[in-house]
Amino acid sequence: MSHIPVSKSRVRPPAPNASLERHTQRFLELRRGLEQIEYFCKGTVLKRMMKCGKAQCACASDATKRHGPYFELTYKANGKTVNVKLSPEAAPLYRAAAKQYRKLKTLLNRLDKLSKTILRQQAKLTESKRPD
Ligand SMILES: [Zn+2]
């Protein structure tokens, strides 16, 4: 009877490794997306038409005669809403930056989810190499 030496790596089923490789590739792909992110800014840009408060002004009775538009960046910091006034020129810049922030958040969430999957698989792989 011949004895065939079986290495540990051949005993291990290939499936977890292949899956890990696939997830790792996806992670690297997604991570490249971070480099595409432009200047970003948490919050939302609001466009407001305002009443001036003078009783005799047309804005007091006619909603179409309100003043503006006025722009604001609004975001939450430490549970509080913060409003920052923006000039009409600044508004589009901040609007684009807010869009970048949402993109970044989506990307981070996906990277986080993927990282957890990879970490789980890496842990399993390491556990399977534990000497009996
Ligand atoms: Zn007015």
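If you're wondering where the values come from, they're calculated on a predicted model, not measured in any experiment. (Residues numbered from 1 in each chain as written. Predicted model: local features only at pLDDT ≥ 70, side-chain atom pairs only at ≥ 80, totals over all residues. Heavy atoms only, no water.)

## A look at the packing of aromatic side chains
Next, step 1: Counted according to the given criterion, the structure contains one aromatic pair.
Next, step 2: Measuring from centroid to centroid gives 6.3 Å for Phe40 and Tyr101, while their planes differ by 40 degrees, and the two rings are tilted. With Phe40 in the loop between helix 2 (15–32) and strand 1 (44–50) and Tyr101 in helix 3 (residues 90–128), the pair connects residues that are 61 residues apart, well separated along the chain.
Next, step 3: By relative accessible area, Tyr101 is classed as partly exposed at 21%. (Phe/Tyr/Trp six-rings, centres within 6.5 Å; stacked < 30°, edge-to-face > 60°. Helix = DSSP H or I, 4+ residues; strand = E, 2+ residues; numbered from the N terminus. Buried < 20%, exposed > 50% of the residue type's maximum accessible area, 1.4 Å probe, protein only.)

## A closer look at the coordination of the zinc ion
Next, step 1: The protein atoms that coordinate the zinc ion are Cys52 (SG), Cys57 (SG), Cys59 (SG) and His67 (NE2), at distances spanning 1.9 to 2.3 Å.
Next, step 2: For the zinc ion, the four donor atoms are set out with angles of 104 to 114 degrees between them, so the coordination reads as tetrahedral.
Next, step 3: Looking at His67, the relative accessible area reads 28%, which means it is partly exposed. (Donors = N, O, S within 2.8 Å, 3.2 Å for Na, K, Ca; no water. Tetrahedral: all angles 85-135°; square planar, octahedral: opposite > 155°, others 65-115°.)

## Section: the side chain of Gln100
Next, step 1: Along the chain, Gln100 turns up in helix 3.
Next, step 2: A relative accessible area of 14% places Gln100 in the buried class.
Next, step 3: Residue contacts for Gln100: discarding those within four places in its chain leaves Gln36, Ile37, Glu38, Tyr39 and Phe40. (Contact = heavy atoms within 4.5 Å.)

## Examining the nonpolar core
Next, step 1: Of all hydrophobic cores here, the largest spans eight residues; its members are Cys41, Val45, Phe71, Leu73, Leu86, Ala90, Ala91 and Ala97.
Next, step 2: Taken together, the elements giving at least two residues each to this core come down to strand 2 (67–77) and helix 3.
Next, step 3: Element by element, the count of residues in this core is highest for helix 3, at three residues.
Next, step 4: Setting aside its immediate chain neighbours within four residues, Leu73 contacts Cys41, Lys42, Gly43, Thr44, Val45, Val82, Asn83, Val84, Leu86 and Tyr94.
Next, step 5: Judged by nonpolar contacts, the second largest core, of seven residues, contains Leu30, Leu107, Leu111 and Leu114. (Core = buried A, V, L, I, M, F, W, Y, C linked by side-chain atoms within 4.5 Å.)

## A short note on unusual backbone geometry
Next, step 1: Gly68 connects to Pro69 through a cis peptide bond whose omega is 5 degrees.
Next, step 2: For Pro69, the location among the structural elements is in strand 2.

## Quick word on the pattern of salt bridges
Next, step 1: According to the stated counting rule, one finds four salt bridges in the structure shown.
Next, step 2: Linking Lys65 and Asp62 is a salt bridge whose minimum nitrogen-to-oxygen distance equals 3.7 Å.
Next, step 3: Of the residues examined, Lys65 reaches a relative accessible area of 47% and is grouped as partly exposed.
Next, step 4: The exposure class of Asp62 is partly exposed, given its relative accessible area of 27%. (Salt bridge = Lys/Arg side-chain N within 4 Å of Asp/Glu carboxyl O.)

## Things to note about the sheet that holds strand 3 (residues 80–86)
For sheets, the rule is that strands pair by backbone hydrogen bonds, running either parallel or antiparallel.
Next, step 1: Spatially, three strands are ordered 1-2-3 in an open sheet, and the strand pairing comes out antiparallel. Each of the sheet's edge strands pairs with one partner strand only, and the pair in question is strand 1 and strand 3. Pairs of neighbouring strands in the sheet enclose a mean axial angle of 35 degrees, with direction left out of account.
Next, step 2: When strand 1 meets strand 2, the two strands line up antiparallel, connected through six bridges. Bridging across to strand 2, Met50 finds its partner in His67. (Pairing = 2+ DSSP bridges. Axes fitted to C-alpha atoms, helices over the stretch in contact; angles between N-to-C directions.)

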